[in-house]
Amino acid sequence: MAGTHWIENAACRDSDPDELFAHSAQQKHAKAICDGCAVRIECLAEALDSRIEFGVWGGMTERERRALLRRRPDITSWRTVLDQAHKAFEQSHVG
């Protein structure tokens, strides 16, 4: 995982890995850890760009990420897409 310095600021950095690689209903708890995480976008981009198959990353389960990747096979850098979307969101909520 190149460029993963963001991990130091992850809300889950001290969590039990079993919580993040949970199944079914337990995934809701893992996703809740991601709520408000300062590096959620970086985490999700890492999972999507690296095609990480298991666990909750950036607030999305493996099933949710697979569905997103199927819907948008044309995207080569999720980091770029997510950064642009985040900037557009912030600009629309200024003022």
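Peer 1: Pulling in residues and values, what's your account of the pattern of salt bridges?
Peer 2: Tallied over the full model, the rule gives five salt bridges. Close ionic contact of Arg79 with Glu42 constitutes a salt bridge, the shortest N to O distance being 3.9 Å. Residue Arg79 is located in helix α5 (residues 78-92), and its partner Glu42 is located in helix α3 (residues 40-49); the two are separated by 37 residues in the primary sequence. Here Arg79 falls in the partly exposed class, since its relative accessible area comes to 31%. For Arg79, the salt bridge identified is with Asp83, shortest N-O distance 2.9 Å. Residue Arg79 and its partner Asp83 are both found in helix α5; the two are separated by four residues, about one turn of the helix. Judged by relative accessible area, Asp83 falls into the partly exposed class, the value being 24%.

Peer 1: Any details on a positive patch on the surface? Residues and values, ideally.
Peer 2: Among the surface-exposed residues, Arg63, Arg66, Arg70 and Arg71 lie close enough to one another that they form a single positively charged patch. Position of Arg71 among the secondary structure elements: in helix α4 (residues 62-71). The exposure class assigned to Arg71 is exposed, which follows from its relative accessible area of 58%.

Peer 1: Explain the state of the cysteines to me, and be specific about the residues and the numbers.
Peer 2: Tallied over the full model, the rule gives zero disulfides. Among the cysteines around Cys37, which has no disulfide bond, Cys12 carries the closest sulfur, lying 6.3 Å off. In this structure Cys43 is a free cysteine whose sulfur lies 5.9 Å from that of Cys12, the closest cysteine sulfur available.

Peer 1: Break down unusual backbone geometry for me, citing the residues and quoting the values.
Peer 2: Most peptide bonds take the trans configuration, and most residues that are not glycine carry a negative phi. Despite not being glycine, Arg51 shows a phi value in the positive range, around 55°. In this structure Arg51 comes out as partly exposed when scored by relative accessible area, which is 44%.

Peer 1: Give a description of helix α2 (residues 27-34) that names residues and reports values.
Peer 2: Side chains of residues three or four places apart in an α-helix project in the same direction, reflecting 3.6 residues per turn. Among the residues of α2, Gln27, Ala30, Ile33 and Cys34 are the ones counted as buried. With its buried residues spanning 110° around the axis, α2 presents them on a single face. The elements touched by buried residues of α2 are α1 (17-20), α3 and α4. Positive phi shows up at Gly36, right after α2, with a value of about 75°.

About the criteria used
- Residues numbered from 1 in each chain as written.
- Predicted model: local features only at pLDDT ≥ 70, side-chain atom pairs only at ≥ 80, totals over all residues.
- Heavy atoms only, no water.
- Salt bridge = Lys/Arg side-chain N within 4 Å of Asp/Glu carboxyl O.
- Helix = DSSP H or I, 4+ residues; strand = E, 2+ residues; numbered from the N terminus.
- Buried < 20%, exposed > 50% of the residue type's maximum accessible area, 1.4 Å probe, protein only.
- Patch = residues over 30% accessible without salt bridge, like charges linked within 9 Å, V, L, I, M, F, W, Y side chains within 5 Å.
- Areas by Shrake-Rupley, 256 points an atom, 1.4 Å probe, with all protein chains shown as cover.
- Lys, Arg positive; Asp, Glu negative; His and termini not counted.
- Charge placed at Lys NZ, Arg CZ, Asp CG, Glu CD.
- Disulfide = S-S within 2.5 Å.
- Arc of directions from axis to C-beta.
- Contact = heavy atoms within 4.5 Å.

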